[in-house]
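Fold and geometry: a report
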Amino acid sequence: MAKYDINKVREDFPILSREVYGKPLVYLDNGATTQKPLCVLDAMREEYLNVNANVHRGVHYLSQQATDLHEAAREKVRQFINAEKTSEIIFTRGTTESMNLVASSFCDGFLKEGDEVVISTMEHHSNIVPWQLQALKKGIVLRVIPMSDEGVLDMSAFEGLLSEKTKLVSVAHVSNVLGTVNPVKEIVRKAHERDIPVLIDGAQSAPHIAIDVQDLDCDFFAFSGHKMYGPTGIGVLYGKEKWLEKMPPYQGGGEMIGTVSFEKTTYADLPFKFEAGTPDYVATHGLARAIDYMLDLGIDNITAHEQELTKYAMEKMQAIENMRIFGTAPEKDAVISFLVGDIHHLDMGTLLDRLGIAVRTGHHCAEPLMHRLGIQGTVRASFALYNTKEEVDTLVAGIERVSKMF
């Protein structure tokens, strides 16, 4: 497939042509959220204007039309990650809710005091705190996979953590700080050798690389719409049917019920058992359109463009005096976290902003990783399908200009 025309693509994102402080916007905070193409906004506006009605059970025309769009989005997601069945696709508010859903329902269904969950050093807080809540509630124990200074997981240590007490492994596919692409297929294989299920946090992988949950053979996979050019407030949890059938509901209310009486309630079939209340059916339609947009460009093309950009940025940034880059794993994707000398990350980020360059600063919801690295925070530049080498050059020039001020 031919590479896409980056200039034509950028026209689909009007925000990229605006100015900040009189400077052209260079948006490099895509790990936090991506910008939205016009086709996504147009699709959502069209639905609100012409098809807006609550989904499922409505007998009138608009409700049936809205339901069709909503369920078509579920099928689109199924195809996108190559799940076996649409019943395995649960809509949530985002990766964080998906992770909380598994932590709550899986622990309620299968874990008891003393049982262990294995995570890694580089996890986002959304794959740490939900398990800590369960530790307080049920007495489960968290075990942590160590990593090297380069940001590579210690796989022999991982195997050593697995025991008869291990009931689940939950790891990030791609680190939101280091950009490390973890060997999740190998992690799944080693866990499955002991009949241990695996949850993958795909928030930072689904926007960048092709996902095939059947090939990965993971038991759960979570990701967010807003990090892949879709609307905010919509996410996905994929789960193997054999687990979802046995897990208790995460929330109660409308939509997730079969029958209700004051004596007893039965639950709806999958996936509705885990979708209490009115879903964000307009956002699911927007997510489907965002997936179409990515597929039209070609996932492999997006991957190649972003990896070329990351490699280019790494080479340029490593040449900056006193540059420290965190995360130099051989398998790395679309994220560069850095510090320059003793310049505080907030100072660097604030001054880059005055040059029109949007980056993220702080601990990136990964405080334990910062402790492992012996720092308080970093500046993070993260790339998307619409970023250019010229923008990387602007970033590098901006870093050098700020550095001279100190």
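Above this note sits the structure.
In this report, the structure presented in the accompanying data block is examined. (Residues numbered from 1 in each chain as written. Predicted model: local features only at pLDDT ≥ 70, side-chain atom pairs only at ≥ 80, totals over all residues. Heavy atoms only, no water.)

Structural notes on the side chain of Lys-227
Mapped onto the elements of the fold, Lys-227 is located in the loop between strand 9 (220–224) and strand 10 (235–239). Although Lys-227 is buried, it forms no salt bridge, and the closest oppositely charged side chain is Asp-29 at an N-O distance of 8.1 Å. Here Gly-31 takes part through its backbone oxygen, which lies 2.8 Å from a polar atom of the side chain of Lys-227. Ignoring sequence-local partners within four residues, the contact set of Lys-227 consists of Gly-31, Ala-32, Thr-34, Ala-203, Gln-204 and Pro-207. (Helix = DSSP H or I, 4+ residues; strand = E, 2+ residues; numbered from the N terminus. Buried < 20%, exposed > 50% of the residue type's maximum accessible area, 1.4 Å probe, protein only. Lys, Arg positive; Asp, Glu negative; His and termini not counted. Salt bridge = Lys/Arg side-chain N within 4 Å of Asp/Glu carboxyl O. Polar contact = N/O pair within 3.5 Å; in protein donor to acceptor, adjacent residues only side chain to side chain. Contact = heavy atoms within 4.5 Å.)

Description of the nonpolar core
Core analysis: the largest hydrophobic core is formed by 77 residues, its most contacted members being Ile-81, Val-169, Phe-221, Met-228, Tyr-229, Leu-385 and Tyr-386. For this core, the element with the most residues is helix 10 (residues 281–297), which contributes ten residues. Residues in contact with Tyr-386, not counting those within four places in the same chain, are Ile-6, Val-9, Arg-10, Phe-13, Leu-16, Tyr-27, Asn-30, Thr-34, Gln-35, Tyr-229 and Glu-391. Judged by nonpolar contacts, the second largest core, of 27 residues, contains Val-26, Val-379, Ala-381 and Phe-383. (Core = buried A, V, L, I, M, F, W, Y, C linked by side-chain atoms within 4.5 Å.)

Here's the deal with helix 14 (residues 389–405)
Its 17 residues place the ends of helix 14 25 Å apart at the C-alpha level, agreeing with the 24 Å of an ideal helix rising 1.5 Å per residue. Among all positions in helix 14, only Glu-391, Val-392, Leu-395, Val-396, Gly-398, Ile-399 and Val-402 are buried. For helix 14, the angular spread of buried residues about the axis comes to 160°, placing them on one side. Helix 14 presents Glu-390, Arg-401 and Lys-404 as exposed residues on the side facing more than 90 degrees away from its buried surface. (Expected span 1.5 Å × (residues − 1). Arc of directions from axis to C-beta.)

Regarding the pairing of strand 17 (residues 378–382)
Strand 17 sits mainly inside the fold: five of its five residues count as buried. What you see with strand 17 is no split at all: Thr-378, Arg-380 and Ser-382 on one side and Val-379 and Ala-381 on the other are buried throughout. Where strand 14 (residues 335–340) meets strand 17, four bridges bridge the pair, whose relative direction is antiparallel. Paired with Ile-336 across the strands is Ala-381, a residue of strand 17. Pairing of strand 16 (residues 360–362) with strand 17 involves three bridges; the strand directions are antiparallel. Paired with Arg-360 across the bridge in strand 17 is Arg-380. (Pairing = 2+ DSSP bridges.)

Examining the pattern of salt bridges
This structure, assessed with the given rule, holds 23 salt bridges. A salt bridge links Glu-193 to Arg-189, with the nearest nitrogen and oxygen atoms 3.2 Å apart. The class for Glu-193 is exposed, based on a relative accessible area of 56%. Looking at Arg-189, the relative accessible area reads 44%, which means it is partly exposed. What you see here is one network of salt bridges that share partners, running through Lys-3, Glu-308 and Lys-389.

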